Amino acid sequence: MNLWLTQHLQALKLVLARFKNNILGTLLISLAIGVTLALPIILYVVLDNLGGLVSDVKKESHLSVFLKLDHDEPMLQNIKSELEKNTSIKSLQFVSKEDALKQISSASNNEELIDSLEENPLPDAFFIEPILLDSSSVETLKSQISKLEGVEYVQVDDAWIKRLNYLLALGKKAMLVLAILLGFALFAVIGNTIRMQILTQQEEIEVSQLIGATKGFIRRPFLYSGAMYGLFGGLFGLIISCAVILLFNQSLTALAAEYQTNFSLSLPSMLVHVATYIFAITVGLFSAYLAVSKSLFKSFN
Amino acid sequence: MITFDNVTKRYPGSHEALTNVSFTIEQGEMIYVTGHSGAGKSTLLKLIAAIERPTNGIVLINNQNVSKLKASTLPFIRRKFGLVFQDHKLLYDRNCYHNVALPLLINGITGAEAGKRIRAALDKVGLLDKEKVMPITLSGGEQQRLAIARAVVSRPSILIADEPTGNLDKNYAEDIIALFSAFQQVGVTVIIATHDALGTANYKNKVLRLNQGKLIAPDEVSA
């Protein structure tokens, strides 16, 4: 155990000393890895924030049931009781045509125009919030209500949300593909860097093997190098994405204010931080392992 | 103890480097391996040091059969040996101290204990005042002695040297041989390969004489 620890500390010290000797090179490689990681991180944060926005809006999404202008009172009571009996409706609100007219006139400040109307053109309406918000159950509910006598038209208010959801799903797929492709790029960058290091230390490796170094002993510093590149790259990636998000947030809040909403991108969450480090370090370790195994033991058994 | 029993080594796509070689080396002996270049001296040393495995036959090192060992245990066998290579194989990117430190690092020995051993090894070969010097600035004889310091620093029980006096003039060569004798006197088995039969004639040590991969029996070596 003690020997094990000593060997790992040794390898770590060696790697840190090598990095220190070549600070600029290490920084540049880490920066390249960081930029590669920043792209999917930013994309993820944007999609995640938009997704949050959609689910906020979704809670308000409802069906509007407009009644025929010439319906009578029993018909209205019938519709009302049918809707109240329906188990897939969460809440129900009735707005009579008189109330609707009042609301419009108070909201739009054109009482004169409304006063000039001879008769109220608005229908009575129910506003329904369904329990299940997925499109098929909303569709079922819509067709059920449409069949009721006295109902003119049922409008589902979430068509644009549906489209946005599809777009978000598309975006998430794009992000996944991007992350995988950039993962390969990372793999190549780190693998090549390690291969270069192996070349410069070929003699040391050869002598070490001749005088009894195990494969693990030789592999260890390179694995630490790979993991370090991942760690530093992850750090740079998160710094870059935070900087970019903060930069965009200024304009975004200004834009959102024009729409009377309060929207800004949140910084990467703890989960994103942890996931980034795990991903980057794993790729670093794996590519270092492959590079060492391929380069080292070809000529020597 | 090292025992070769009918050992044959053939490199892929080449003739037999060693053919049916059998001998035994006892602990504490000093052995010369001689022969013209290409006679199989280096191959013999590599087989002893568990760097190569025999194509046929049995190589026993301290009663362990090298050809039966798993590849992953070979490094641990190699640590029993101190190796001095024909071309030194010093590392020119670090100073003398760190060159000698390499075997200790491999054995997981660091810190004060390592420092003590490294300085003792450098002292033994007369390079104690050069510990901070880069090996490229040393003379040929000094580089050879540094290589010896690296070979003995982990206190191996067997010391193997391939042409240690090859490129040195007579005085330096005698120094080096005297150094090896000193190690033998404290119980280390010393095996030296040399094409220089003259250098060995003065010593009353055992000689393994190779000719085209075959061991010439001692009675044929009528001086």
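So, how was this worked out
- Residues numbered from 1 in each chain as written.
- Chains lettered and ligands numbered in written order.
- Predicted model: local features only at pLDDT ≥ 70, side-chain atom pairs only at ≥ 80, totals over all residues.
- Helix = DSSP H or I, 4+ residues; strand = E, 2+ residues; numbered from the N terminus.
- Rg over C-alpha atoms; globule rule 2.2 N^0.38 Å.
- Buried ≥ 20, exposed ≤ 12 C-beta atoms within 10 Å, placed from the backbone.
- Contact = placed C-beta atoms within 7 Å.
- Nonpolar A, V, L, I, M, F, W, Y, C, P; charged D, E, K, R; others polar.
- Domains from an automatic or database assignment.
- Pairing = 2+ DSSP bridges.
- Axes fitted to C-alpha atoms, helices over the stretch in contact; angles between N-to-C directions.

Undergrad: Sorry if this is basic, but what is going on with the overall build of chain B here?
TA: Along its length, chain B carries seven helices and ten strands. In terms of overall dimensions, chain B is globule-like: its C-alpha atoms have a radius of gyration of 17 Å, near the 17 Å expected for 223 residues. With respect to the principal axes defined by its C-alpha atoms, chain B has extents near 45 × 40 × 35 Å. Across the 223 residues in chain B, those meeting the buried criterion constitute 40%. Partitioning the intrachain contacts of chain B with sequence separation of at least 6 by distance along the chain shows that 69% fall at a separation of at least 24.

Undergrad: Sorry if this is basic, but what is going on with the overall build of chain A here?
TA: Broken down by element type, chain A carries ten helices and four strands. Radius of gyration (C-alpha) of chain A: 32 Å, far over the 19 Å computed for a compact globule of 301 residues. Structurally, chain A occupies a C-alpha span of about 105 × 40 × 30 Å along its principal axes. Counting only contacts in chain A whose residues sit at least 6 apart along the sequence, the fraction spanning at least 24 positions is 84%.

Undergrad: Even after reading the chapter, I still don't get unusual backbone geometry, so can you show me in this structure?
TA: Trans is the common state for peptide bonds, and a negative phi is the common state for residues other than glycine. Residue and element names in this part refer to chain B. With phi around 50°, N6 is a residue other than glycine that occupies positive phi space. Structurally, the position occupied by N6 is in strand β1 (residues 2-10). A positive phi angle, near 45°, is found at N20, a position not held by glycine. Its place among the elements puts N20 in strand β2 (residues 16-25). The class for N20 is partly exposed, based on 15 C-beta atoms found within 10 Å.

Undergrad: I keep staring at the interface of chain B and chain A and nothing clicks. Help me out?
TA: It is common to give the size of an interface as the accessible area that goes away when the parts come together. With 15 residues of chain B in contact, the opposing surface of chain A contributes 15 residues. Counting residues per element, the ones that place at least two in the side of chain B that touches chain A are α2 (74-78) and α3 (96-106) of chain B. If one sorts the elements of the side of chain B that touches chain A by residue count, α3(B) sits on top with four residues. Of the residues assigned to the side of chain B that touches chain A, the class counts are ten nonpolar, two polar and three charged.

Undergrad: What am I meant to see in the domain arrangement of chain A here?
TA: If you check the domain split of chain A, you get domain 1 (2-57 + 162-296) and domain 2 (62-157). With centres defined by C-alpha atoms, the gap from domain 1 of chain A to domain 2 of chain A works out at 54 Å.

Undergrad: Is there a simple way to explain the sheet that holds strand β4 (residues 151-156) of chain A in this structure?
TA: Residue and element names in this part refer to chain A. With antiparallel pairing, the four strands of this open sheet are ordered in space as β2-β3-β1-β4. Two strands bound the open sheet, and with one partner strand each, they are β2 (89-95) and β4. Each neighbouring strand pair of the sheet contributes to a mean axis angle of 20°, computed without reference to strand direction. Sheet topology note: the strand β1 (residues 63-67)/strand β3 (residues 125-130) ladder contains four bridges and is antiparallel. What sits directly across from S64, in β3, is F127. Packed on one face of the sheet, helix α3 (residues 73-85) meets β1, β2, β3 and β4 and runs near 160° to β2.

Undergrad: In this structure, what is going on with the environment of A:F126? I would like to understand it.
TA: All names here are of chain A. Along the polypeptide, F126 turns up in strand β3. Judged by the 22 C-beta atoms lying within 10 Å of it, F126 falls in the buried class. In this structure, the C-alpha to C-alpha distance between F126 and K80, residues 46 residues apart in sequence, is 8.5 Å. In this structure, F126 is in contact with V65, L83, L92, Q93 and F94, ignoring residues within four places of it in sequence.

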